[in-house]
Structure formats: structure tokens, C-alpha cells
Amino acid sequence: MELQYFESVAIFTGIYIILGWAMYFPLSAGQFNMGVIGFAAIGAYCSALCSKAGVPFGLSLLASAILGGIAGFLIGYPTLRLRTFAIAIVTIAFSEIVRICAVNLNFVGGSRGIIHIPFFTNVLNVYAVILILAFFLTRWNNSKWGRAAQAMKEDEDVAESMGINLARMKLFVNGVCGFMAALAGVFFAHYTTFIQPAHFGFDLLMRVCCFVFFGGWTYFWGVFLGVAVLIIIPEIVRFLDDWRLVFYGGVLIAILLLRPQGLMTKQTSEVLRRGLKGWLKWGREEHLRMRNRE
Amino acid sequence: MQFVQQIVNGIMLGIVYGLFAVGLTLVYAVLKFVNLAHGEMVMVGAYIGYFVAVATNNVLLAFLASIAGMVFLGVIIERCLLRPVRLAHHFTPLLITFGLALIFTELVKMYVFGGFPVIYPEDIRKPITLSIGPISITTLQITTLIVGIFLMMGLGFLIYKTKLGKAMRSVAENMETAALLGVNANRIARLTFGLASALCAAAGVFIGVLYPYIHPHMGAPLAFKAFAIILFAGAGNVFGAICGGIFLGLVESIAVGFGLTLWRDVFTFVIIIVILLLKPTGIFGTPYPETR
Amino acid sequence: MKPVRQKSIFVVIAMAFFVTLWIPEGFAKDDEWQKEIHIPFITCRTGVLATWGKIMYYGAQIAAEEINARGGVRGMKLLLDVYDDGSDAAQSAMLVRKVEPKALVLFGPNNSNTAETGLPVANSLRVPAVSGCCAKTSIVAESRPWTFTNLMPVDLLSIKAAELFLKKEVEVKTAVLLVDKADPSSTLQGASIVKGLKEKGIAIKEEIAISQGDIDPAPVITRVKDLNPDAVAISVGAEMGGAFIKEMERQGLKKKILCAQGSWTPDLIRVAGSAAEGIYGINQMWPADPKLKSLYDKCKEKSGGPPPNFCSFTCYELTWFLAQAIEKAGITNNPGKRREEREKLLKVIQTMERDGILGKWRFREDGVGSSQAHLLTIKGGNEIEVK
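Given the structure is predicted, the values throughout are model-derived calculations rather than measurements. Per-chain numbering applies: the sequence of each chain, read as written, is numbered from 1 onward. Each chain is given a letter, starting from A, and each ligand a number, starting from 1, according to the order in which they appear as written. The predicted origin of the model limits local features to residues at a pLDDT of at least 70 and limits the giving and counting of side-chain atom pairs to 80 or more, whereas totals for whole chains, interfaces and linings rest on all residues.

Draft legend 1. Layout of the overall build of chain C. Looking only at helices and strands, one finds 13 helices and 14 strands in chain C. Each radius of gyration reported is based on C-alpha atoms, and the globular scaling rule is 2.2 Å times the count of residues to the power 0.38. Its C-alpha radius of gyration of 23 Å places chain C within 12% of the 21 Å reference for a compact globule of 387 residues. The burial criterion counts other C-beta atoms lying within 10 Å of a residue's C-beta, which is placed from the backbone; the residue is buried at 20 or more, exposed at 12 or fewer, and partly exposed between these limits. Each of the 387 residues in chain C was classed as buried or not, and the buried ones make up 57%. A pair of residues counts as a contact when their C-beta atoms, built from backbone coordinates, are separated by no more than 7 Å. In chain C, the share of contacts with a sequence separation of at least 24, taken over all contacts with a separation of at least 6, comes to 71%. The helix count covers DSSP runs of H or I at least four residues long, the strand count covers runs of E at least two residues long, and both are numbered beginning at the N terminus.

Draft legend 2. Broad picture of the overall build of chain B. For chain B, the count of helices and strands is twelve helices and two strands. When the helices and strands of chain B are placed in sequence order, the string is α-α-α-α-α-β-β-α-α-α-α-α-α-α. The C-alpha atoms of chain B give a radius of gyration of 19 Å, which matches the 19 Å a tight globule of 292 residues would have. Projected onto the principal axes, the alpha-carbon positions of chain B cover approximately 55 × 45 × 35 Å. Split into buried and exposed, the 292 residues of chain B put 57% on the buried side. Long-range pairs, those at least 24 residues apart, make up 76% of the contacts in chain B with a sequence separation of at least 6.

Draft legend 3. Examining the domain arrangement of chain C more closely. Residues and elements named next belong to chain C. All the domain ranges listed were derived from an automatic or database domain assignment. Segmentation of chain C into domains returns domain 1 (30-152 + 293-362) and domain 2 (154-283). Averaged C-alpha coordinates put domain 1 and domain 2 at centres separated by 31 Å. The interface of domain 1 with domain 2 comprises eight residues on the first partner and nine residues on the second. Looking at side-chain class alone, the side of domain 1 that touches domain 2 contains four nonpolar, three polar and one charged residues. Throughout this entry, Asp, Glu, Lys and Arg are counted as charged residues, while Ala, Val, Leu, Ile, Met, Phe, Trp, Tyr, Cys and Pro are counted as nonpolar. The remaining residues, Gly among them, count as polar.

Draft legend 4. Layout of unusual backbone geometry. Residue and element names in this part refer to chain C. With an omega of 0°, the peptide bond between Arg144 and Pro145 qualifies as cis. Locating Pro145 in the fold gives a position in the loop between helix 5 (138-142) and strand 5 (147-149). Not every positive phi belongs to a glycine, and Arg126 is a case in point at roughly 60°. Along the chain, Arg126 falls in the loop between helix 4 (112-124) and strand 4 (129-131).

Draft legend 5. Just the interface of chain A and chain B, in detail. Across the contact, 32 residues belong to chain A and 31 residues belong to chain B. Looking at the side of chain A that touches chain B, the elements with two or more residues in it are helix 4 (84-104), helix 9 (202-215) and helix 11 (244-258) of chain A. Looking at side-chain class alone, the side of chain A that touches chain B contains 22 nonpolar, five polar and five charged residues.

Draft legend 6. Region of interest: the interface of chain C and chain B. Between chain C and chain B, the residue contacts involve 33 residues of the former and 37 residues of the latter. For the side of chain C that touches chain B, the elements supplying multiple residues, two or more each, are helix 2 (50-69), strand 7 (203-210), helix 8 (218-227), helix 9 (238-250) and helix 10 (266-272) of chain C. By residue number, the principal contributor to the side of chain C that touches chain B is helix 8 of chain C, which donates seven residues. Residues belonging to the side of chain C that touches chain B are distributed by class as follows: eleven nonpolar, eleven polar and eleven charged.

Draft legend 7. Inspection of the sheet that holds strand 13 (residues 374-379) of chain C at higher detail. Residues and elements named next belong to chain C. Pairing is mixed across the open sheet formed by seven strands, whose spatial order is 7-6-8-9-10-13-14. Each edge of the open sheet is held by one strand with a lone partner, namely strand 7 and strand 14 (382-386). Each strand axis lies, on average, 25° off the axis of its neighbour in the sheet, ignoring direction. Strands are labelled as partners when DSSP assigns at least two bridges between them. Axes here refer to lines fitted to C-alpha atoms; in helices the fit is confined to the stretch in contact. Angles between the N-to-C directions go from 0 to 180 degrees.

Draft legend 8. A look at the pairing of strand 2 (residues 77-84) of chain C. Pairing geometry for strand 1 (residues 36-43) of chain C and strand 2 of chain C, over eight bridges, is parallel. Each residue of the ladder has a partner; that of C:Pro40, found in strand 2 of chain C, is C:Asp81.

Structure representation (C-alpha cells):
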């Protein structure tokens, strides 16, 4: 097809990957932080206002990301003592409050949103950031903090008895989540040059959840695969017209039934490194193993 | 200000909210996942009721047919789509129901009147308005109130006084232990989902009859409100869900009554956050041992 | 599921996935350019705005069929290729980028929300884009010179609405507005109606914000009863507006009602039912015009039941306009000459005047189509124009 079309698909894929990683990161520490949409909205609006006021792109990117990180950090406080489900709810409620505030406050444009945001995103920007984040995530996974996060996910009490400072870890993880989500929001705002509160609603949250859990929530490359598959499929099946979304729902269900643990998990990726042949056989055994652990 | 009338409005609205929140809370308690297709199931129930009402012009028949249809659909969904992944991480059934919601919405949009809103037949919906003192209320609303209360009492009886209810409660606490003790967990899961679908159908038909129209996208905002209700009231608690529903209806009506319509939704969320911070398991919730 | 069966199903799905990557695109093969002109029609066939998108398409499709029946455009068939943007602004931007290389002119994105991202992209890619139902006319005013919409500017329309309404109903002194703050079109139309009413000295008692998930109109109408205005202005979506009107009748509230253009659709009238008698609405088309009856019936037949609304007719008219413009500009549809032909077509679109079902109209300097506003009301179940 055409280069500009591929470029736009690639950019959206990149933006969703960053969002997906923002949701994946707290998940790998056991926190179901569903507020990624709220943080993305904060990042998008903040950077949009900055850019319209003439601030250079790099600066507004950093500023909005840091703001998102602070917001994430602040959201971490109330959720310190909550269980997983309650954290999800409080963060969803937070996202909705951000959205409703955006609708009702006129200086951010109300329901019309902000238009004429200068166009700054391109494939290089987005993928450079993705590479940096991938590097960070790989190093994190192999470092002592990564292992601490995983311990926290498995069992909080044991982790605490091993000397891991739970509160600090949770706050840090939520802060990074906010940082990454805000980055995605900034790129989104500067690509579509138009943001509206409606863009940051519940359906975007569900899509990001789909990317993360469909692709595999235990390994960060799973998000990559999940986003790629779930963005490319609707584009390929355009010839289905009205049946497009039905097909999308059907594919989602079918693949989730076949591989409930997600497309790519850490074990799967290791197996892949050893050779493609073992992959399918391992899928079934791995599912059984995970089942027995639950 | 028509304060009393707004309270009555709020209670009526609340009963409907409560009905579909109960289905959601049942599914969450017993099957341990949030059914994202809940709103769409209410919508499908409303549409089934619509077709039967148009064909037979009888509300009762529409009600019963809708319940029967949705129970059938619910059991099939549970058997085919949810059982295989029940033991996986509890986000997988959630995403499956998300896909299901998409499918339901798009199919209804394609095949029923081009996706435009449909209206239940006028004869059924002709309400007779009674004025009792300062408030006006319709016969339809009174019927809904009575049927709703009956349904809730029946549900309460089922869950707390029958052997089946005991089995459901034991599965809600711990599915594996219940299975060890001789409860057929699969059957209970199927029954629960069927029961929740029946409640969806009832709520759907009520909505179709009481309110001016139904359309394919009515499921999502309703489901969102239902989530808010069960969080606020404590997941798994039937009585709490109804009370939560009525509370939400009251908050909305009174907010409108005071002219604070703009920030209505923010109130709801702020209240939820405050309550969750003060009592993380919800107002009526009992502390569950953390299983996942 | 048995491992072998799981494995084989997975392999089949993976193979199908890779095979579909090679499915040929449904766009014109380059050697057919002499026989067919393909115009990409970007609309919402799935998603929340699907009902609007489909109804618009039927109007345009009827026009295309009529054009082809009388010989096509310069001997070539006019074909509208439908692209679905899923009511999503991001997808519409992607789609415009996808279809632009082979397109002479774009018909779409055809909805205010999706046009917000799509039309500026079209403008930057230098391809003429006409939108049939973009109510936010500021978009085309800012994306000059390549984009156009033939919907009247919402603010002008609403102000005219207030003026005509007050001429008819002179005893109105106070009003209340029902608006959906989360929907930009509704907010815009509501704000304009309020402005128009205030200019004529009407006091607005309150702007009641409705939310999408409101299923019960009772609390809001009780509030309206409380405020007791003389008139109610409705700028929420069509079926919700109808619900409020019906509830007003049920609660015994007799007020003068004025509906904005975005709300005045067959749905509103249908949902309001018997309560719709005597309500007013502003629109730049009069779909129930007896002169347009055959078009109305054809649309209804094509859609299989749902009647057309004003957008179907604007798209019908726009298709004819495009055909006329392509004729006048002498387009040969040669892919090698795309750039020049787009420029030629742009000049014609900017200057040509057409006498069609909207009367005489043309695109103004700011890219918006000029047309007239009609104040409509319901009498005896029929939509008639108020002179």
C-alpha cells in the first residue's frame, strides 16, 4: 500500500504500545492500575496547552510526562492499602473524574477539546522512545527491583518479610505508569492534532486492557504482539464492512479461548528462542502449569 | 422545589438500576469476574421483549419470553465461552465478555431497524398517571415496583434459605473447596449465569416498558452505572446492590432537582472513591480473604 | 481441548492471518480508470455513529445510481467506495492517508467528530475533500483551501432558529435549554440557540445538562416543571430529545419547544409520538417536502425501513454537485495527471453554483455551503414548513 498509511498505522501502534506498557508495568508488580487513561489524558492536555503556548516539543513532552508521573505517584497513596479489585475501581474512577473535569472546564475546551495542536509526532520520535522504554524494561526485569516487584506480585506478605519496602515500590511503580501513559498521551495529541475528552473514555481503557491481556500480561513483549495483532486485524478485514467489529470480537474470543494466558509469555518467549517447533506443544503444558499454580 | 417528586423519581429509577446491578454482583461473587457484556445482555433482553410484545401485545408474555430467551442464551455462553477459561487469570473471562458485548451490539445494530431506536408498542406503554398528594406516579411504575420487590424477595429467599443458595454461597467463597465437598461447581456456575441473565432480561423489559425507547448502545452506560453501584455497595451482596441502586437513583434525581446536573457524575465517583478509601470492601461488603 | 486439536486450530488461524495479508485491495485497478471514477466515501458504518453513517450513504448511493443511469460522468461510471472509520477520529485520519494516493476527490469524513481529524489531514495532503454532514463548520474554515462542507454553519442556523421561532411565538419570555455537555455538536448548537434567544431578550433560566446514560427523563422534566419557563430549547441527540418531549406530555407540561438541527430527525418525531404535535425545529432541509417525496421513498426502501434524515439529502445533493463539478472541470481521471486534475476540480468546486434540491447554492469563501434555513413544525403528524 502506501507509505503514509503504513506510517500512520505504525505511529498508532507505537502509541498503543507505550500505553500498553504503562498498564503492564504496575501489573508486573501486582497493581491493577487502570488509571492509564486518566494519566494519558493529563499528559495529552498538558502538552497540548504547552505547545499552543509555544513551548518546544521536547520540553512539553518531558514536562507532561513528569506531570503524569506525579499524578501516578499521588494516586498510589490512596491505593496502598487496597486489594487488587478496589485499586482497579479507584483508578477507573480517577480516570472518569479527569475526563468529566475535562468536559466541564472551559479553559481546556470543554467537550470540544483542543484543536490545532502542532504536529510533532513521527515514527522516529515514537520508536526512539519505545526503544528507550524497552531498554529500561529489560534492565528492570533483570535487576533487583524487578525481582522485588515480581515477589510483591506473588505474595505481598512474604515480600515484606523479605525486607522489600512495599509502599515505596508501589508508589514508584504507579509513578512510572503515569509517566509512560502521559508520554503516550503527548504523542497522541501531537499526532491527531485534536483531543477530546471522549477519546479518553472507557472504551479506550478496554482496548488497552485487550492489548495487554490478549498479548500476554506476564512479559512486556506480549504487549507488543498484542497491539500489533489487534491493530492490524481490523485494518486487514476492511472488506468485511459491517461485520468488521463482529469479526474483531470473534477473533478476540477465539484466541482467548485457545490461549487464555495470552499470546506471549516469558516461558513462551524462551521456548521461541530455542526454536519454533516447541512453541505449540508448550502452549498447552504451560497453561496447565499456570492453572495449577493459581 | 418538587423535592418529593424527585425522590419518587429517584426511587423508581433506583429499582431498575438495582435490578441489573444484582445480576452483575451475583456473577462477580460466584464466578469471580466482572461481566462486561452485562449491559448488552440487558439490551438483548429488551429487544427480545420488544419482538414478543409487538407480536402478541402482551406485557406478561414479553416478560416471560425475554427471561426464557436470555436464560437460554446465558447458559450457552457460560458453557461454551466461560467454562474453558474459568481457571485462567480472572481477566480472561472479562475480555471474552468484552468481545461478546461488541458482537451483540453490532449484530443488533445490523439486523434490527438499521440500529435506530425502537419503541415498545404504545398500548402496553399507555400509563395511567395517578396523583397522590404532591406526587404523580404511573400505574406502570407501581407495577414495576411491585414486581421488582417480588423478584428481590424471591432472590433473597433463594440465596439465603434454599440448599441451592447455600451451594452458590459456598462456591462464592471458594470454588475448589466447594467442589471437594460435593457441590457440582459447573452446575452452580451455569445456574448463576442463567439467573443473572434472567435478571438482565427483567431489567431490559422494564426499561423498554417504562422508558420511551431502546437502542443498541444503551448497554454500555447502564453497565457502567451498575459497576459503580456494586463497588459502592460491596461486591457479592444482593441487598447491598439494591440499596446501592436506589441510592444512585436518588443521588441523580436530587442532583438534577437542585440544578447541579453538570457535576452529577463527578459526585458519583467522588462518593465511590471516598467510600472505598474508608471501607475498601464497600458499604455492605464483608471482608473477603484475598484469593487472587 | 486436546493438544493436537488445539495445535492444529492455532496453526490454521495463524495461516489464515498471513494469507489475509495478501488479499487484494478493493480499489480500482489502474487500467480501469477510463471507465470508472472511484470516490472514497468515508463514513461510520460501525461504532456509535453507525446509524448516521449508513443513512447518509443511502442518500449518496441513490444519487450515484441516478447519475450512472443517465450515462455517468463524461462517459465514466461514478462509484462510491465506502470506507468505515468506526466512529473513531484516529481511524478516520488513518483512512484519509490510506485512500488519498489514488483518489481524485474525497467524500468524507462525513461526521463532525471524525472530520475533525480527517479534514485537516486531507488539506495537508492537498486533495479536495467534501463532507456531507460536518456540523462543525469551523473545521473547514480553518482547513483552507481544500476542504468543504455543505451543512450550514451551526451558529448561524441556531441564531436564525431563535429568530424565526420568536417571530411565531411572541409570548415567550423565558426559556430553558436541554443540552448534552459531553457531545461537542450538542454543546455548540445549544450555545448558539442560547445566544440567539438572549439577543432577542429572552431570559435563560437554566441550562440542564443531560448525560448519555440517562434512561429516565422524569427527573429532568420535573426540574423543568419546577423552573416553569415559557419555552424549552432542545439540543440533545434526537431520540433523547423525543423522550423528553414525550415525558413533558405525560407530566402535563405544555411548553413551546424548539429543536436544534442536529436533534431534528425522524427519530425525535417518532419517539415523541403524539407529543410531537406543535413542536418546532430548524433545519436546512425539509425532508418531508412533497417535492422530494420520491427521493424520500427511495431512501426508505434502500435502508429497509428507517426514514432518511437531512444528512441523507445533503449527501445526495453533494454527490450530484461532485458529478456536475467533474463534468465542468473536464476531468479525464488519468492517474498520471492526478495533481493537475485535483487543482482543476478545486477551482470548479470553489466557484460553481448548482441548482438542486437545496435550491441554488454554492460553496462560500470559507468552504461552507450556502443554503436556507427552514423552520419546521409538526401538524397532524406531518412535518410542514412554517412560513
